[in-house]
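# Working through the structure, step by step
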Amino acid sequence: MKPIFSTFFLILFCFCACKPLDVEPQFEIPSEQAFNNVNDLEVMVNGAYQALQSANCYGAAYKMIPDIFADYVTVNPAALRLGRTGSLSLFNIYQRQTFGSADNVWRDSYTVINRCNLVVVAVLNNLIKDRTGEYQNNADRILGEAYCLRALMYFELLRLYAHQYGINENVPNSGIILLLKPTTGRTSQARATTKEVYDQIEIDLKEAARLLPTDKRATDIFTYGGRAGGRATKYAAMALLARVYFQKATDADDVQALFYANAVINNTETPFPLNADTGGVAYLVTSNFRASPSVIFQVSNLINPLTNEANSTSKTLLDSYFFQTDETDFPTIYLLNGRFTSALGFKGGDQRITIGTTIAGSLRYTKKYQGDNLRPAINVPVIRVAELLLIRAEISYVSNRQQTIDDIFQIRDNAYFANGRRGNVPPELNVATLSALSADDLLKEIIKERTIELNLEGDRLHHFKRVAKRYGNDDFKLLRSYDSRQRNISKDLPWDSDAILFQIPDAEISTNPLAVRNP
Amino acid sequence: MFSCKMKNFQSIVFFLGFFFTSSVFAQNFTISGRVTDKKNEPVFGVNILLLGSGKGAATDFDGKYKFNVPEAVAETGQLRVSGVGYKTQVITIKSRSVINVVLEEESKTLKEAVVVGIARPERKIYSPSNSTTIQFSEIKQAPTPSFTESLQGRAPGLQVTQSSGVPGAATNIRIRGTSSMSASSDPLIVVDGIPVISGGGGDGGGGIGGGLNLGYQSNALANINPNDIETIEVLKDAAACAKYGARGSNGVLLVTTKKGSIGSTTFSINYQRGFQDVTNRIGLLDNKQFLSVMDSAYFNTWNKNPSNSIKRPTDSNYPRRGSYYTFPSAAAFNDTLAAVTNTNWLDKLLQIGIVDELAISAQGGSTKTKYFISGNYLRNQGVMIGNDFDRIGGRFNLTNTVSDKLQIGIKTYVGFTKSNQVPSGGGSNAIGGFGAAQYNSLPIFPVYKSGGVTRGFDQYGFNPFFNAYGDYAGTNIVLSQDRNYASYTEQKITSTTNIFADYKLGRNISYRLEYGIDIFSQINKFYQSRYVRTSEIDRFIPQSSVGDSRVFFNNQNLNNIINYSKNLDEKQVLDLSFVQNFQNTLSFNNGARGEKLPNDDTRSLSQAERALAPRSGNETQFKFLSFLGIANYKLKDRYLAQASIRYDGSSRLGQKNKYGFFPALGLGYILSEEPFFKSINQISFLKIKGSVGQTGNAAGISNFQSLGLYSSGGNYAFNPTVVPRQIQNSNLSWERAIQFDGSLEFGLFRERLSGSIGYFNKTSYDLLLNLPMPPSAGIQTSYFVNQGSLRNSGIELELNSTNVESKAFTWKTNVNFTFIKNTLLGLGELSSNSLGSLDYISLKGNQISTYYLPKWAGVNLETGEEEIYEVIKENYAEPSSPYTFTGRKIRPTRVGQIDSNRISMADKPVMPKFFGGFTNRFIFFKNFEVSLFFTFSVGNYLLDQGQRKQSYVNGSNNLRADAVNAWSQTNKQSDYPKLFYPNAPNTFGTGDEVPNNFWYINDPMRFRNTTRFLHDGSYIRLRQISISYSFSESMCKAVRMKSVRVFAIAQNLLVFTKFPGWDPEVVGNLGSNAERNLQIGTTDLDFPQLKSFTVGANISF
């Protein structure tokens, strides 16, 4: 009897003493083990980049959405007849209330932000236990990357979900939800003001520019300390700063924008030449792990590149929205309309149309995201040097007229690069013609050039709002919509219309009591 | 330590004794004796019962018994002596104080089974808790893959719904209602003392996945041989569940398998053969009707008749329009062929199913050793061609009395099932099957090619009109049912072994060790040939594909039990048990898919040229540790008390809240034992009892739900990534329920009428609620919190009556009713929540889920378009507020407009108001028996999503037969809306601009369920008629048999219902726990229940 009892109590004791209910996951990493060393930080920030690849971030949305509001895009009826109507609601702005992409863009962008916040808090609060070796250098660089991506996401969200800076920028709830710490529970937070979000974006990007290395972004996969490209650098942060200040469209911010644009354009450390040496159209992205040298920051869009799937499929949806090789069965949804070539005044020999687009039947498609060998693009450019030149040109068109003309001509010269040589720009577009223009007409040329150069790169909606605010010019009512009965009644919307704001997702409103909808 | 505890218990007992001794009690007369068999061996476990009272005793290992009877009956009282395997004797006491009994062996006869099936099990008399024991061997008659199917309507409080008639499909089991929202509401299933992997969201940690979704969940319990089961006890209240307490919130099903019996070896052979067919068939359009309906839809869309150049959409000149309403472009298909082809695809799919079941068992033993050995083979050729289910299993149960003190035993079972599956539901991902047969297999398509067709795989003789080339969205189901072209197999292996040792430590104290290991493994494989699918990578290229997924569970249980039982004095009996239980369950799963096999004969995954996502693998584990103290006290055979306290921990819960205390108390009073009651002859038994207690639930959430988790997120540009998956939740705690239970049990007119009536009230609180996270959290979409509460209250009623009892004819009736009111009391932070479906909403004060649908306003007789009632919009933001209509009817032109006019429909509940079963048995001359068994469920509504799909022209689908009455210019009085082409462009040109009027105005209606498809789901079903004949003992002896019985059973012959769909008994194709709790009312072309006719024989010798 006694031995049995003692055995029984021994078992009992054993269970009580050794925490019998602790079970450790085998396929996942418990949070206690997530931040041991600098490598853990590295893979965590890689996770933030990975989220950028989502179709709701740079996989498609941020490149596509601002452009399909634009004047030069139309919907392919053939795609609609095949039932490929998933993004028609984007085209029909009035549907913003129930429009799925607004929800997904919001959710996936905050996924990037949360992952960045995890890295930021881990570095700032010294959560990493093992800080030996090259810890500090690497941790600084990783922190800089996290700041850069976080600011990028806040900026993209702000441009879609909030009004142009200058409208109610100090009114509560005018901006988006600003989260600077990783999510640890189910909490509620109100929207910040537009200005508060801009302030944070500027702080983050300046801190990123301070912390990040100057390595040139990924011309091939083995730069950047042996890692593949597609990572943020000091010049990526500075280029984004130029874009952010420029978007704000005030005189004071233009000074900053010009400073950062110059800092990137004029840098000699890792120059970003605007040249066409790669053949074809200079700014086309490539699928062979490289980028055009003019690209300052790109998102690598490879998935599982080490398996045999990589070469046959890609996560990007850009190709299906803008260009499909399999035309008869799976047509492209968005096409360039007649305005793209006529109203914008393309001239023969412009590679941006002769090589950058193609005509099938009566329909014109872009080849921008086609990639090499008719494969979908694997890398998606976020910012490239042509945009900085256009920023500089627009800011300086009165104060430094010569530089503006040079910058515009530089872009044109590149666009007309053919047969291995420059100097093909037709007379009506050359320096002499530009020099003869009045200031107002020069501005119109800059804006036209911007439209052509950055077509279908996610600039159009933001450009429209900025230009209208900056110059108060009503010529820029470019948006059209269908009425609620889905009849094709075009209706121009003013730049400050509430109707062009993305709506805060229902899922956010119903779960976050402090969040309020857009008007 | 132990002695110290003993002292405490003695003082408690003393206190309780003091408390109760103030009651009055009568003089007693003690009877003792010894029960032996003919060989003078003592017989253990024989029941000796004083008739007309609940009083009795059981013999010990030495065959001895002793108990008190009231002085008043010492002369005339009758003892009933019964033991399994022996003839029952009734002995008049005649004031003898020593009564020795010699038992006569008896083969297990029909009569005993019949009686036991209806009579109240004797051993429960002294329990104050509420449970129902089902003599399973009695009700298990028609061959079914899983025992759970037989339980429907058999016990009050128990609700069983089979998800479909597919063999091996899961059942939805609820004991006293749905008591959880996001976590599991399935009862804990315990086989021979060991909780088993039940799958389908049970305590196995979520549904058992694997393979493709074939439209139904498979049932892990289908592996257990129902013939081995002796009893199933349904534990309902907190006191009854005390032994399994922390997991008892959803009730417990306690399955006990057969033991051997003393005596020479008895062999039993049971063979049955059954024929099955679907209970119902929905009428679909035939070819002429279909073409006429399509022509009319064409006219309605473009306001002109199909012309010669663009005729019917079946014409090859009709422009291709992709996956929407494209019809074959193959040259040979044309109007002429369509007009003469009339294929009934349901006929091509369905056949008469055949079930064969052979069960053989041997049992016997001596007083020292008893054994039960069984083997079972079941083969079910399904009602769907290509569907079958095979099970083979064997059991060995052995108990051995080693010495006076030690008893050991083992119960072991190995079962293997293999099933070739055919997709069944409308929502399934797989190709072909029941959904396809009625939906996108059109009557105008021939099964086999006609002359002149040269495209595709026509060398196989199948028509090429729907095929892998994307001409047409449908599938030739005859092709996809052919295992040469598509196959889905599921194999399961279950092995359970329980061993126990029972050691008498002293006169009153014993120690019992139980250890059980339960291994479950499931392998799902599929093959789809290049004739039925296209590549996922190279669009429109036909390519074969194979897939394989595996699930493995290893579930181990260890119970340490100390039992103490003492007659404190003449009047008081105290039983104490201390139990320590430890459960450790590991599971692994992995899956892979690949495509592009080298040729049509290869089906190996390793031969697939390309891997396809998802390739999955996971390993997970949970542990469960509990300590239980339970005391049963009985005073003077009529005052009963049971108190228990548990301390339970689950590894799934948060670090701070892993453990919880769960007390329960039950009290009972057997009034009929009071001396003054003895004079009331009409009342032979009367007992009131009540219990209160707390139970817990942590089932159905993920094993690592409380941990902060990170995992690999794939690569970014060749670099590995780690991404956050789940935030830590160290407060996650038990979902708890407080249960009150009060009931009255009675036996009248010498047990001619007996039954019980009871009330229960179970309030679940701290619900494990899976609340959605704000998307700005940037991590998981939902988060488990302990919030909200709900209540299930109701009345359970059971009546057993012997209406006529004579030698020539006996008529017995059993009826049980359960009324349940399910109420959502609160949702914590949320005022309402759809928890996952547009068509349901959870509102405080209603059932936990309420239909949330646009109210259909019928057809606009002028235009033929559908209308819905417009809701006052101010209320839309807050769905819990009462809805009011504006009085207007609107014709929705977009989906958002439909969604913003949804209303909650508390008057059309998702769950039934009451349900139950009703049995009548007629026994003629003790050997011919007829029984009729009805089940019913009343008050619930069903949402027939399948009806919606078959009420619109969605492209290439067939419609239900009532579409011929659709509104048209010539039939303007119809209540069936006008049909038209979906997504219809009004021109066929390819312009630069989007055509005007791109959407047909009323088009979005086909995307949303409305009250048009909501129907009363009440039914009464004649579930079983059985006729059996048992040969008399003398006839059996003549052929050296112990018993011979032949029987015929008809199942599901009739159903009385207003539901117009396939079958009112349905739970839909639901996966997650939340879906199975909240969305049970939706049916989507689900496979109906089966009717069957079975004949068979039982022989034992």
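Residues numbered from 1 in each chain as written. Chains lettered and ligands numbered in written order. Predicted model: local features only at pLDDT ≥ 70, side-chain atom pairs only at ≥ 80, totals over all residues. Heavy atoms only, no water.

Think of a sheet as strands paired side by side through backbone hydrogen bonds, with each pair either parallel or antiparallel. All names here are of chain B. Taken in spatial order, the three strands line up as 4-1-7 in an open sheet, and their pairing is mixed. Strands at the two margins of the open sheet, each flanked by one partner only, are strand 4 (64–70) and strand 7 (101–102). Both strand 1 (residues 28–36) and strand 7 contribute to a ladder of two bridges, which runs parallel. Residue pairing in the sheet places Thr-36 in a bridge with Val-102 of strand 7. (Pairing = 2+ DSSP bridges. Helix = DSSP H or I, 4+ residues; strand = E, 2+ residues; numbered from the N terminus.)

Right, let's talk about the confidence of the model for chain A for a bit. Residues and elements named next belong to chain A. Across chain A, the average pLDDT comes to 77, with 72% of residues at 70 or higher. Looking at the elements of chain A, mean pLDDT is at its lowest for helix 1 (residues 2–17), recorded as 55, and at its highest for helix 8 (residues 194–211), recorded as 96. The low-confidence segment residues 325–329 (pLDDT under 50) makes eleven contacts with residues lying over four places distant or belonging to another chain. (pLDDT = per-residue confidence, 0-100. Contact = heavy atoms within 4.5 Å.)

It is worth spelling out the packing of helix 9 (residues 234–248) of chain A against helix 14 (residues 385–395) of chain A at this point. Residues and elements named next belong to chain A. Contact geometry of helix 9 with helix 14 gives a least axis separation of 10 Å together with a crossing angle of 40°. By the angle between their axes, helix 9 is oblique relative to helix 14. Crossing of helix 9 against helix 14: the hand is left-handed. In contact with Ala-239, Ala-242, Arg-243 and Phe-246 of helix 9, helix 14 contributes Glu-387, Leu-388, Ile-391, Glu-394 and Ile-395. Partitioned by chemical class, the residues of the contact of helix 9 with helix 14 number six nonpolar, no polar and three charged. (Axes fitted to C-alpha atoms, helices over the stretch in contact; angles between N-to-C directions. Parallel < 35°, antiparallel > 145°, perpendicular 65-115°, else oblique. Left-handed = near helix turned anticlockwise from the far one by under 90°. Nonpolar A, V, L, I, M, F, W, Y, C, P; charged D, E, K, R; others polar.)

Here the focus is unusual backbone geometry. The backbone phi angle of A:Asn126 is positive, close to 55°, even though this residue is not glycine. Relative to the assigned elements, A:Asn126 resides in the loop between helix 6 (100–124) and helix 7 (135–161). For A:Asn126, a relative accessible area of 43% puts it in the partly exposed group. Although it is not a glycine, B:Arg176 sits at a positive phi angle of roughly 55°. Structurally, the position occupied by B:Arg176 is in the loop between strand 10 (171–175) and strand 11 (188–191). (Buried < 20%, exposed > 50% of the residue type's maximum accessible area, 1.4 Å probe, protein only.)

Further remarks concern the packing of helix 7 of chain A against helix 9 of chain A. Residue and element names in this part refer to chain A. At a closest axis distance of 11 Å, the pairing of helix 7 and helix 9 adopts a crossing angle of 25°. In terms of orientation, helix 7 and helix 9 fall into the roughly parallel class. Judged by the twist between their axes, the crossing of helix 7 over helix 9 is left-handed. Here Cys-148, Leu-152, Phe-155, Glu-156 and Arg-159 of helix 7 come into contact with helix 9, specifically with Ala-237, Leu-240, Arg-243, Val-244 and Gln-247. Here the contact of helix 7 with helix 9 is built from residues that sort into six nonpolar, one polar and three charged.

Turning next to the nonpolar core. Ranked by internal contacts, the top residues of the largest apolar core, which has 128 residues, are A:Leu41, A:Tyr161 and A:Leu388. No other element matches the 17 residues that helix 7 of chain A contributes to this core. When residues no more than four places from it in sequence are discounted, the contact partners of A:Leu41 are A:Phe35, A:Val119, A:Ala122, A:Val123, A:Ile128, A:Tyr135, A:Ala139 and A:Ile142. Judged by nonpolar contacts, the second largest core, of 39 residues, contains B:Val166, B:Leu285, B:Val293 and B:Met384. (Core = buried A, V, L, I, M, F, W, Y, C linked by side-chain atoms within 4.5 Å.)

Here we come to the sheet that holds strand 6 (residues 89–92) of chain B. Residue and element names in this part refer to chain B. Taken in spatial order, the four strands of this open sheet run 3-2-5-6, and their pairing is antiparallel. Unpaired on one side and paired on the other, strand 3 (56–58) and strand 6 mark the two borders of the sheet. Between one strand and the next, the sheet's axes are offset by a mean angle of 20°, whatever the strand orientation. Note: strand 2 (residues 47–50) against strand 3, three bridges, orientation antiparallel. Paired with Ile-48 across the strands is Ala-57, a residue of strand 3.

In this section: a nonpolar patch on the surface. Residues and elements named next belong to chain B. A surface patch of nonpolar side chains, about 880 Å² in accessible area, is lined by Phe-267, Ile-269, Tyr-271, Leu-358, Ile-360, Tyr-377, Ile-392, Val-414, Phe-416, Ile-493 and Phe-1101. Within the residue set of the nonpolar patch, elements represented by two or more residues are strand 15 (263–278), strand 16 (353–365) and strand 19 (406–421). For the nonpolar patch, the element with the most residues is strand 15, which contributes three residues. Along the polypeptide, Leu-358 turns up in strand 16. (Patch = residues over 30% accessible without salt bridge, like charges linked within 9 Å, V, L, I, M, F, W, Y side chains within 5 Å. Areas by Shrake-Rupley, 256 points an atom, 1.4 Å probe, with all protein chains shown as cover. Salt bridge = Lys/Arg side-chain N within 4 Å of Asp/Glu carboxyl O.)

Residue and element names in this part refer to chain A. Here Glu-394 lies in helix 14. On the basis of relative accessible area, Glu-394 is assigned to the buried category, the value being 2%. A polar contact of 2.7 Å, which involves the side chain of Glu-394, links it to the side chain of Tyr-471. Not counting the four nearest positions on each side in its chain, Glu-394 is found in contact with Phe-246, Leu-443, Ile-446, Ile-447, Arg-466 and Tyr-471. (Polar contact = N/O pair within 3.5 Å; in protein donor to acceptor, adjacent residues only side chain to side chain.)

For the rest of this paragraph, the subject is the confidence of the model for chain B. In regions of low pLDDT, the predicted coordinates are not meant to be interpreted in detail. All names here are of chain B. Per-chain confidence: chain B averages 79 in pLDDT, with 82% of residues scoring 70 or above. For chain B, the element scoring lowest by mean pLDDT is helix 2 (residues 110–118), at 28; strand 46 (residues 1014–1016) scores highest, at 95. Below pLDDT 50 for its whole length, residues 200–207 participates in 29 contacts with residues either more than four positions away or in separate chains. What the predictor reports for the complex is a pTM of 0.81 with an ipTM of 0.86.

Residue and element names in this part refer to chain A. The end-to-end C-alpha separation of helix 10 (residues 251–265) is 21 Å, in line with the 21 Å expected for 15 residues at 1.5 Å each. For helix 10, the full list of buried residues reads Asp-253, Asp-254, Ala-257, Tyr-260, Ala-261, Asn-262, Val-264 and Ile-265. Buried residues along helix 10 sit against helix 8, helix 9, strand 3 (295–300), helix 14, helix 15 (401–415) and helix 18 (460–471). (Expected span 1.5 Å × (residues − 1).)

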